[in-house]
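Chain residues, written in single-letter form:
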Amino acid sequence: MKFINIGFGNVIHAQRIIAVVSPDSAPIKRMVQEGKDRGIVIDASFGRKTRAVIVMDSDHIILSYLTAETLANRIAGEEKSDNSEGSNAW
């Protein structure tokens, strides 16, 4: 079993992820709003700006403040140290 840190110590099961997408497009915004109405959204952004929307096979939608690129790297196993969270170090 592989778990992915999605920020602030929250982890999700990597094999249950269907997609990691940017929240900027209208269809994704609509999907998140409909998910909130249905009660299937889990907000793991802790009040920060949502930078990635994670779609799970359980029909849940998880909001994260980490970027989709960062999460994709973590899923691929290229996770960097935890002190890089939230920083913009290039």
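Given the structure is predicted, the values throughout are model-derived calculations rather than measurements. Residue positions are counted from 1 within each chain, in the order its sequence is given. Given that the model is predicted, a residue must reach a pLDDT of at least 70 before its local features are reported, and side-chain atom pairs must reach 80 or more before they are shown or counted; all residues, however, enter totals for whole chains, interfaces and linings. Values shown for side chains rest on all heavy atoms present in the structure; no hydrogens or waters enter the calculation.

A. Structural view of unusual backbone geometry. One non-glycine residue, Phe8, adopts positive backbone phi at about 55°. Positionally, Phe8 belongs in the loop between strand E1 (3-7) and strand E2 (10-13). Notably, Phe46 is not glycine yet its phi reads approximately 55°, a positive angle. Relative accessibility thresholds used throughout: buried, under 20% of the residue-type maximum; exposed, over 50%; partly exposed, between the two (1.4 Å probe, protein chains only). You can call Phe46 exposed: its relative accessible area is 55%. A run of DSSP states H or I qualifies as a helix once it reaches four residues; a run of E qualifies as a strand once it reaches two. Both are numbered from the N-terminal end.

B. Representation of the nonpolar core within the structure. Think of a nonpolar core as a cluster: buried Ala, Val, Leu, Ile, Met, Phe, Trp, Tyr and Cys residues, connected wherever their side-chain atoms sit within 4.5 Å. Judged by nonpolar contacts, the single largest core of 13 residues is most densely connected at Ile6, Ile12, Ile17, Ile54, Met56, Ile62 and Leu71. Elements with a minimum of two residues in this core: E1 and strand E5 (52-56). Those residues in contact with Ile62, other than ones at most four positions away along the chain, are Ile6, Ile12, Ile42, Ala44, Ala52, Val53, Ile54 and Met56. The next biggest cluster of nonpolar side chains, apart from the first, holds 7 residues, and it includes Ile28, Ile40, Val53 and Leu63. Residue contacts are counted whenever heavy atoms from the two residues lie within 4.5 Å of one another.

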